[in-house]
Amino acid sequence: MNITILAIESSCDETAAAVIRNGKILSNIIATQEIHAKYGGIVPELASRAHQQNIVPVVLDALNTANITKYDLNAVAYTQGPGLLGSLLVGVSFAKAYAMGLNLPTIAINHMQAHILAHFIDDPKPSFPFLCLTVSGGHTQLVKVISHLEMEIIGQTNDDAVGEAFDKTAKLLGLPYPGGPLIDQYAQLGNPLAYKFPQVDMPNLDFSFSGIKTSFLYFLKEKTKTNPEFITENRNDICASVQFTLISILIKKLKKAVAETGITSIAIAGGVSANKGLRNTLEKLAQQNNWQIFIPKFEYCTDNAAMIAMAAHYHYLQGRYANLETVPDPRMKIPNSTLHL
Ligand code: KG4
Ligand code: ZN
């Protein structure tokens, strides 16, 4: 019998739906909300409204592209959290109502776990255990992945996420939201050692990124006082230097995690794993240290529903269903994960 699941992602500013059959993605549709760019960040109320408008066409597109009808489905999955409450509510409510109308079970998925499970969409797939550096707009975590649905968080940020640090520094440079991809683009053309920013070193495997934002703000104030054109004249070098600092903080902890766990099979996941500087640095390190690395395809780095579908497939195999009482959880932790700090 086929196992065919519709998965819905609406945790932040992408309305997405995907269909998976027997573990293979048949469609992966995303409607990106452009409206937030002009506000310099996500406006939660506008995000929920856009999800309301996009959800039906995105789901229909996902079914059509997969060349199936709703009657071919065995389950409907949705992102339960973490994320913005109003955004999550749209996906969760839609999925529950749709499943109820079709008399199907629902599956509630943790968004961060799904970012990691995106590595099981295509070959090569990592074997267990592996370490995953999960880097997104809302999270920065070092996760020991024991099996598809068993994970241990061994380090995490104590303040800002690394994606947030990218976006906030980009904003100070006058770049539109989300600034991470733009910093990455300009950084390719600049000198990463042109400027130096302090790196706050946390004990254990934790991260801190809030200090860099503040020091960057003072750095720009100082420089633009004497030269108002400082940013435009040095944009590439500034971006390269900021990016170098952020990647250095991530890599330092990743090396420490490898030393502490002895695990040399390493994956990256989440929006910031699209960063070319991070991808190149990891590739070099893997060669030098004989690590096996897993870098997701660009389309599976940032938010998408294919990763939710992949996670749903493993939940379905284990009979892990949600019920009508399952509600959105904006601060949801990876289920069954132990936190070792
Ligand atoms: O995983 P994601 O799409 O959403 C969350 O779950 O947060 O991650 C979005 C984050 C944003 O902060 C965005 O600026 C960052 O990923 N990002 C990047 C790049 N592409 C996306 N940061 C640096 N370089 C990139 N190429
Ligand atoms: Zn995400």
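The paragraphs below set out a description of the structure included in this document. None of these values were measured; they are calculated from a predicted model. (Residues numbered from 1 in each chain as written. Chains lettered and ligands numbered in written order. Predicted model: local features only at pLDDT ≥ 70, side-chain atom pairs only at ≥ 80, totals over all residues. Heavy atoms only, no water.)

Time to look at the coordination of the zinc ion (ligand 2). For the zinc ion (ligand 2), the full set of protein donor atoms is His 111 (NE2), His 115 (NE2) and Asp 303 (OD), at a range of 2.0 to 2.1 Å. Taken in chain order, the donor set of the zinc ion (ligand 2) reads H-x3-H-x187-D. Taken together, the residues span a long stretch of sequence, with His 111 in helix H3 (residues 111-117) and Asp 303 in the loop between strand E10 (292-294) and helix H9 (306-317) at a distance of 192 residues. Each member of the pair, His 111 as well as Asp 303, carries the same accessibility label: buried. (Donors = N, O, S within 2.8 Å, 3.2 Å for Na, K, Ca; no water. Helix = DSSP H or I, 4+ residues; strand = E, 2+ residues; numbered from the N terminus. Buried < 20%, exposed > 50% of the residue type's maximum accessible area, 1.4 Å probe, protein only.)

Now for helix H1 (residues 44-65). Taking 1.5 Å per residue as the helical rise, H1 with its 22 residues ought to reach 32 Å, and the 29 Å between its terminal C-alpha atoms agrees with that figure. Where H1 bends most, the angle comes to about 40°, and this point is Asn 54, followed within four residues by the proline Pro 57. Among the residues of H1, those classed as buried are Leu 46, Ala 47, Ser 48, Ala 50, His 51, Asn 54, Ile 55, Val 58, Val 59, Ala 62 and Leu 63. In this structure, the buried residues of H1 make contact with strand E1 (4-9), strand E2 (14-21), strand E3 (24-32) and helix H2 (85-102). Note on H1: the residue one or two positions beyond its end, Asn 67, has a positive phi of about 60°. (Expected span 1.5 Å × (residues − 1). Bend = angle between axes of the 7 residues up to and from the residue. Contact = heavy atoms within 4.5 Å.)

Moving on, we come to empty space enclosed by the protein. Here the structure, examined in full by the defined rule, presents one cavity of 30 Å³ or more. The calculated volume of the largest cavity comes to roughly 70 Å³. Around the largest cavity, the lining residues are Gln 199, Val 200, Asp 201, Met 202, Asp 206, Phe 207, Ser 208, Ile 249, Lys 252 and Lys 253. Classifying every residue of the lining of the largest cavity gives four nonpolar, two polar and four charged. (1 Å grid on protein atoms, 1.4 Å probe; cavity = no way out; pocket = protein on both sides within 12 Å on 5 of 7 lines; lining within 4 Å. Points joined across faces, edges and corners; volume = space filled by probe spheres on them. Nonpolar A, V, L, I, M, F, W, Y, C, P; charged D, E, K, R; others polar.)

This part is about the site of ligand 1. Taken together, 19 residues surround ligand 1, and among them Gly 137, Asp 167, Asp 184, Gly 271 and Asn 275 come closest. Residue Gly 163 places a main-chain N or O atom 3.2 Å away from an oxygen atom belonging to ligand 1. One nitrogen or oxygen atom from the side chain of Asn 275 is found 2.9 Å from a nitrogen atom belonging to ligand 1. Here ligand 1, which alone exposes 550 Å², has 89% of that area covered by the protein. Only H3, helix H4 (162-172) and helix H5 (180-187) provide two or more residues apiece to the shell around ligand 1. Classifying every residue of the shell around ligand 1 by side-chain character gives five nonpolar, eleven polar and three charged. (Near = heavy atom within 4 Å. Polar contact = N/O pair within 3.5 Å; in protein donor to acceptor, adjacent residues only side chain to side chain. Areas by Shrake-Rupley, 256 points an atom, 1.4 Å probe, with all protein chains shown as cover.)

Read these as layout, nothing more, since geometry by itself doesn't imply function.
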